[in-house]
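# What the coordinates show
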Amino acid sequence: MTTRNYDAEYKDTSRKYAYKFDSILREYMMRTLAPFLPSGKALEMGCYKGDVTEMLAARYTDLTVIEASEELVSAARARLGGRARFLRGTFETIDLSERYDAVFLMHTLEHVDDPVTVLKRVNHWLTDRGRLFVVVPNANAPSRQVAVQMGLIPHNSAVTDGERAQGHRRTYSLDTLERDVTDAQLRIAHRGGVFFKPLANYQFDMLIGGEVISEGYLEGCYRLGMHYPDLCASIYVVCERSIPDA
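As a starting point, this report considers the structure included with it. (Residues numbered from 1 in each chain as written. Predicted model: local features only at pLDDT ≥ 70, side-chain atom pairs only at ≥ 80, totals over all residues. Heavy atoms only, no water.)

## Brief notes about the overall build of the chain
Secondary structure assignment for the chain yields 10 helices and 7 strands. Computed over its C-alpha atoms, the radius of gyration of the chain comes to 17 Å, within 12% of the 18 Å expected for a compact globule of 246 residues. For the chain, the spread of C-alpha atoms along the principal axes amounts to about 50 × 35 × 35 Å. Residues counted as buried form 55% of the 246 residues belonging to the chain. Long-range pairs, those at least 24 residues apart, make up 74% of the contacts in the chain with a sequence separation of at least 6. Accessible surface for the chain amounts to roughly 11500 Å². Of this, 50% is attributable to carbon and sulfur atoms. Distance from the positive charge centre (30 side chains) to the negative charge centre (33 side chains) of the chain: 1 Å. (Helix = DSSP H or I, 4+ residues; strand = E, 2+ residues; numbered from the N terminus. Rg over C-alpha atoms; globule rule 2.2 N^0.38 Å. Buried < 20%, exposed > 50% of the residue type's maximum accessible area, 1.4 Å probe, protein only. Contact = heavy atoms within 4.5 Å. Areas by Shrake-Rupley, 256 points an atom, 1.4 Å probe, with all protein chains shown as cover. Lys, Arg positive; Asp, Glu negative; His and termini not counted. Charge placed at Lys NZ, Arg CZ, Asp CG, Glu CD.)

## Focus: the environment of Ser 143
Tracing the sequence through the fold places Ser 143 in helix H6 (residues 142–149). Sequence-wise, Ser 143 and Ala 200 are 57 residues apart; in three dimensions their C-alpha atoms are separated by 5.3 Å. Not counting the four nearest positions on each side in its chain, Ser 143 is found in contact with Lys 197, Pro 198, Leu 199 and Ala 200.

## Quick notes on the pairing of strand E1 (residues 42–45)
Taking every second residue as pointing to the same face, both faces of E1 are buried, with Ala 42 and Glu 44 on one and Leu 43 and Met 45 on the other. Relative to strand E2 (residues 63–67), E1 is paired through 4 bridges, and the arrangement is parallel. Directly across from Met 45, in E2, lies its bridge partner Ile 66. Handedness of the crossover joining E1 and E2 through helix H3 (residues 51–57): right-handed. As defined by bridge partners, E1 adjoins strand E4 (residues 100–106) across 3 bridges and the pair is classed as parallel. Residue pairing for E4: Leu 43 is matched across the bridge by Val 103. (Pairing = 2+ DSSP bridges. Right-handed = clockwise from strand over helix to strand, strands pointing away.)

## Thoughts on the sheet that holds E2
Taken in spatial order, the 7 strands of this open sheet run E3-E2-E1-E4-E5-E7-E6, and their pairing is mixed. At either end of the open sheet lies a strand with only one pairing partner, and these are strand E3 (85–88) and strand E6 (186–196). Direction aside, neighbouring strands of the sheet carry axes that sit 15 degrees apart on average. Across 4 bridges, the pairing between E2 and E3 is parallel. (Axes fitted to C-alpha atoms, helices over the stretch in contact; angles between N-to-C directions.)

## Considerations on the nonpolar core
Counting residues in hydrophobic clusters, the biggest one holds 39 residues, and the most contacted among them are Leu 33, Phe 86, Phe 104, Met 106, Phe 133 and Phe 195. For this core, the element with the most residues is helix H2 (residues 20–33), which contributes 7 residues. Setting aside its immediate chain neighbours within four residues, Leu 33 contacts Met 106, Phe 133, Val 135, Tyr 236 and Val 238. Of all hydrophobic cores here, the second largest spans 31 residues; its members include Leu 43, Val 116, Val 134 and Val 237. (Core = buried A, V, L, I, M, F, W, Y, C linked by side-chain atoms within 4.5 Å.)

## Points about H2
The first and last C-alpha atoms of H2 sit 21 Å apart over 14 residues, in line with the 20 Å expected at 1.5 Å per residue. Burial runs high along H2: 10 of the 14 residues are buried. Listed in full, the buried residues belonging to H2 are Phe 21, Asp 22, Ile 24, Leu 25, Arg 26, Tyr 28, Met 29, Met 30, Thr 32 and Leu 33. (Expected span 1.5 Å × (residues − 1).)

## Remarks on the pairing of strand E5 (residues 126–137)
Among the 12 residues of E5, 9 are classified as buried, and the element is accordingly described as predominantly covered. Bridge count between E4 and E5: 6 bridges; the pairing is parallel. The residue bridging Met 106 from the neighbouring strand is Val 135, located in E5. For the handedness criterion, the β-α-β arrangement of E4, helix H5 (residues 115–125) and E5 is classed as right-handed.

Laid out in structure tokens, this is it:
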């Protein structure tokens, strides 16, 4: 396995790492997951600059964050202040003595070298009533399928050079996401998609706020995604532990 530079992976390369559309999508992610969130202690795995962390801190007063990038830990800690406890390390090696009622992998699992091994570790970090929330970009989003037909990427689940430079290791669809979760002996309680996505991120950024992409249009895409989860920007699973205590 090659050594990874986590401080470099989050930065812009031939493609942007973060778009305005991403912040909108995060709001819809949390709105989708809200009915399933338990109370108690929470763990966020991967935090970028603290965008989701801030949303989680509004719901959880006991929040721990694991992040491998020293630069991102500094940025998120400065943003959150004392509202979260930050641990710098990799998911594969960090030692956690506590258990959590809610664990979040939000657009992070696709970056992991060995997702099943990491998910098996999460299985041991959950309380008996705990839930794991995994959200990943969707290989079958219409915007991605259009890119395949245009010859920009070879197939729906391909990892582009730009994505690979930013740490992506795979592009999930619902079936492959469910496979990794069940291989880790986690039980899927809920599954679905977030936000029907007809356009690429940069196209949304160009059009949001104008006459084409209105608040009503965004809301319509979110609601349509409930009917067509396999055509959403992101897909998710809500998991529960299925292993007995040692």
